[in-house]
Amino acid sequence: RAKSMGKGRVVFFEKSMQTHTPGTLALETDLRRALERGEFHMFYQPIVSLETGEIAAFESLLRWDHGRHGMIPPDRFISMAEDMGTIVEVGQWALEQACTQLSAWHQMGFDQLSVSVNVSAQQFYHQDLNGVIRGVLARTGLPPELLKLELTESILMENVAANVAMLQSLRDIGVQIMIDDFGTGYSSLSYLHRFPLNSLKIDRSFVKDIPENQENAAITAAILAMADQLGLSVVAEGIENEAQLLYLWDKHCHLVQGYLFNQPLTRDQATAALYKRETVALFSKLTQAVGPS
Ligand code: C2E
Ligand code: MG
Ligand code: MG
Ligand code: MG
């Protein structure tokens, strides 16, 4: 399993497995101090255009380098930070990091690049998300449309009318809204058109074994067709092999993200990836082998 997840992932898991799993209580105490101790690091995973093979965007993904316990994955600490309420501060830090980094890439000439930032439930319901985002955009000078907020369906379905208004206030700033892990939540299709959305991210679980798994292939194709009708762009998550890529390319999916191209990268690795343009070479090689879509 580790092998298929790529080189960096192997190190990542080995490092955290060397130490015993710390208890929740101890971790909570440490989590409170993690921000001031500078233990959070932002990683960036390329999102690749299926028209050009270029890196069109990065998803910013948090990592907690605990030191004593090694790297603690977000699935372990985000919900904890959410319960503790510290996610609001951590989330603000994440936004600031991602926008500062995007601004640096723009200054290097990568001015079409955008960044997406995951927003947790607490952060979304917190009264001042709008103000926080305006502040970050003002400080970094980024064009607002290059910041994309990833929200899950369950966040949006909690209180539809209030959330429609909240999303609209964010759209009024100019930022883009994406639904993350699309298909895994409780969203009713009849509500989808009420939210002012820009894109959907098809959850990795549907993309996992396409095209062999015919049900997943059908669901993926249906999401793509529906998004097209609703005027939404689509990102497919968790692309690990060529067969998945070619299926999505054939179905005119716009963007893909996954270990086939890159795992989440450090800031410097991400910068190197922008200059090297290896995704373009791989994309051309794979798609030229089967001819035009
Ligand atoms: P997500 O937003 O759905 O992020 C995608 C996850 O899929 C990431 O896990 C990424 O490393 C992983 N992934 C990407 N490509 C592949 C692939 O080809 N195969 C497989 N097996 N996995 C792939 P990660 O970084 O562990 O993050 C897990 C979750 O933690 C994220 O899921 C997101 O919900 C949350 N998270 C991460 N960073 C932040 C953050 O800054 N703020 C908030 N609120 N949540 C975050
Ligand atoms: Mg996400
Ligand atoms: Mg996701
Ligand atoms: Mg996911």
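Keep in mind that this is a model prediction, so the values were computed, not measured.

S.K.: Run through the side chain of Thr-271, naming residues and quoting values.
M.R.: By the secondary structure assignment, Thr-271 is in helix 13 (residues 267-276). In contact with Thr-271, other than residues within four places in its own chain, are Gln-101, Trp-105 and Met-108.

S.K.: Can you tell me about the coordination of the magnesium ion (ligand 2), naming the residues and giving the values?
M.R.: Note on the magnesium ion (ligand 2): its protein donors are Glu-59 (OE), Asn-118 (OD1), Glu-150 (OE) and Asp-180 (OD). The metal-donor distances range over 2.0 to 2.2 Å. Sequence positions of the residues that donate to the magnesium ion (ligand 2) give the spacing E-x58-N-x31-E-x29-D. The distance between the magnesium ion (ligand 2) and the magnesium ion (ligand 3) comes to 3.6 Å, and Asp-180 binds to both of them. Linking Glu-59 in strand 2 (residues 55-65) with Asn-118 in strand 4 (residues 114-118), this pair joins segments that are 59 residues apart in sequence. Of the residues examined, Asn-118 reaches a relative accessible area of 29% and is grouped as partly exposed.

S.K.: Run through the packing of helix 4 (residues 87-107) against helix 6 (residues 129-140), naming residues and quoting values.
M.R.: Axis separation between helix 4 and helix 6 bottoms out at 9 Å; the angle between their running directions is 25°. Between helix 4 and helix 6, the angle falls in the class roughly parallel. Relative to helix 6, helix 4 is oriented so that their crossing is right-handed. Contacts between helix 4 and helix 6 involve Gln-92, Leu-95, Glu-96, Cys-99, Thr-100 and Ser-103 from the first element and Leu-129, Val-132, Ile-133, Val-136, Arg-139 and Thr-140 from the second.

S.K.: Break down the pattern of salt bridges for me, with residues and values.
M.R.: Tallied over the full model, the rule gives seven salt bridges. Linking Glu-96 and Arg-139 is a salt bridge whose minimum nitrogen-to-oxygen distance equals 2.9 Å. With Glu-96 in helix 4 and Arg-139 in helix 6, this pair connects stretches of sequence that are 43 residues apart. With a relative accessible area of 54%, Arg-139 lands in the exposed category. Where Asp-268 meets Arg-267, a salt bridge forms, and the shortest distance between an N and an O atom there is 3.8 Å. Each of the salt bridges in this network shares a partner with another, and the network as a whole consists of Glu-59, Glu-150 and Lys-201.

S.K.: Describe the environment of Leu-265, listing the residues and the values that go with them.
M.R.: Mapped onto the elements, Leu-265 comes out in the loop between strand 9 (255-257) and helix 13. The exposure class of Leu-265 is buried, given its relative accessible area of 9%. Residues Leu-265 and Ser-60 lie 205 residues apart in sequence; the distance between their C-alpha atoms is 9.3 Å. Residues in contact with Leu-265, not counting those within four places in the same chain, are Phe-43, Tyr-44, Gln-45, Pro-46, Ala-270 and Ala-273.

S.K.: Account for the site of ligand 1, with residues named and values stated.
M.R.: Close to ligand 1 lie 23 residues, the nearest being Arg-63, Asn-118, Asp-180, Arg-204 and Glu-240. Between a nitrogen atom of ligand 1 and a side-chain N or O atom of Glu-240, the distance comes to 2.5 Å. No other element matches strand 2, which puts four residues into the shell around ligand 1. Looking at the shell around ligand 1 residue by residue, the classes come out as eight nonpolar, five polar and 10 charged.

S.K.: Can you explain the nonpolar core? Please cite residues and give values.
M.R.: Side chains that are nonpolar tend, in soluble globular proteins, to be buried together. If you look at the biggest cluster of nonpolar residues, it comprises 84 residues, and the most contacted ones within it are Phe-124, Ile-133, Leu-147, Leu-170, Leu-197, Leu-248 and Val-256. When residues in this core are grouped by element, the largest group, nine residues, is from helix 4. With five residues, the next largest nonpolar core counts Ile-47, Ala-57, Val-235 and Leu-255 among its residues.

S.K.: Let's hear about helix 4: which residues, and what values?
M.R.: A rise of 1.5 Å per residue sets the reference length of helix 4, with its 21 residues, at 30 Å; its end C-alpha atoms lie 30 Å apart and thus fit the reference within 8%. Positive backbone phi, approximately 110°, marks Gly-109, located one or two places after helix 4.

S.K.: Outline the packing of aromatic side chains, listing residues and values.
M.R.: Two aromatic rings, taken as a pair, are described by how far apart their centres are and by the angle between their planes. Under the definition given, this model contains nine aromatic pairs. On the numbers, 6.2 Å between centres and 45° between planes, the contact of Phe-40 with Trp-64 is tilted. One end of the pair, Phe-40, is in strand 1 (residues 40-49); the other, Trp-64, is in strand 2, and 24 residues separate them in sequence. Each of the two residues, Phe-40 as well as Trp-64, counts as buried. Relative to Trp-105, the ring of Tyr-44 lies with its centre 5.2 Å away and its plane at 80°, an arrangement referred to as edge-to-face. A residue pair is termed long-range when its members are at least 10 positions apart, and Tyr-44 in strand 1 and Trp-105 in helix 4 qualify at 61 residues. On the basis of relative accessible area, Tyr-44 is assigned to the buried category, the value being 2%. Accessibility expressed as a relative area gives 0% for Trp-105, which makes it buried. Aromatic rings pair up to connect Phe-40, Trp-64, Phe-77 and Trp-93 into one cluster. For the cation-ring pair, Arg-63 lies above Phe-43, with the distance from its terminal atom to the ring centre recorded as 5.7 Å.

What counts, and at which threshold
Residues numbered from 1 in each chain as written. Chains lettered and ligands numbered in written order. Predicted model: local features only at pLDDT ≥ 70, side-chain atom pairs only at ≥ 80, totals over all residues. Heavy atoms only, no water. Helix = DSSP H or I, 4+ residues; strand = E, 2+ residues; numbered from the N terminus. Contact = heavy atoms within 4.5 Å. Donors = N, O, S within 2.8 Å, 3.2 Å for Na, K, Ca; no water. Buried < 20%, exposed > 50% of the residue type's maximum accessible area, 1.4 Å probe, protein only. Axes fitted to C-alpha atoms, helices over the stretch in contact; angles between N-to-C directions. Parallel < 35°, antiparallel > 145°, perpendicular 65-115°, else oblique. Left-handed = near helix turned anticlockwise from the far one by under 90°. Salt bridge = Lys/Arg side-chain N within 4 Å of Asp/Glu carboxyl O. Near = heavy atom within 4 Å. Polar contact = N/O pair within 3.5 Å; in protein donor to acceptor, adjacent residues only side chain to side chain. Nonpolar A, V, L, I, M, F, W, Y, C, P; charged D, E, K, R; others polar. Core = buried A, V, L, I, M, F, W, Y, C linked by side-chain atoms within 4.5 Å. Expected span 1.5 Å × (residues − 1). Phe/Tyr/Trp six-rings, centres within 6.5 Å; stacked < 30°, edge-to-face > 60°. Lys NZ or Arg CZ within 6 Å of the ring centre and 35° of its normal.

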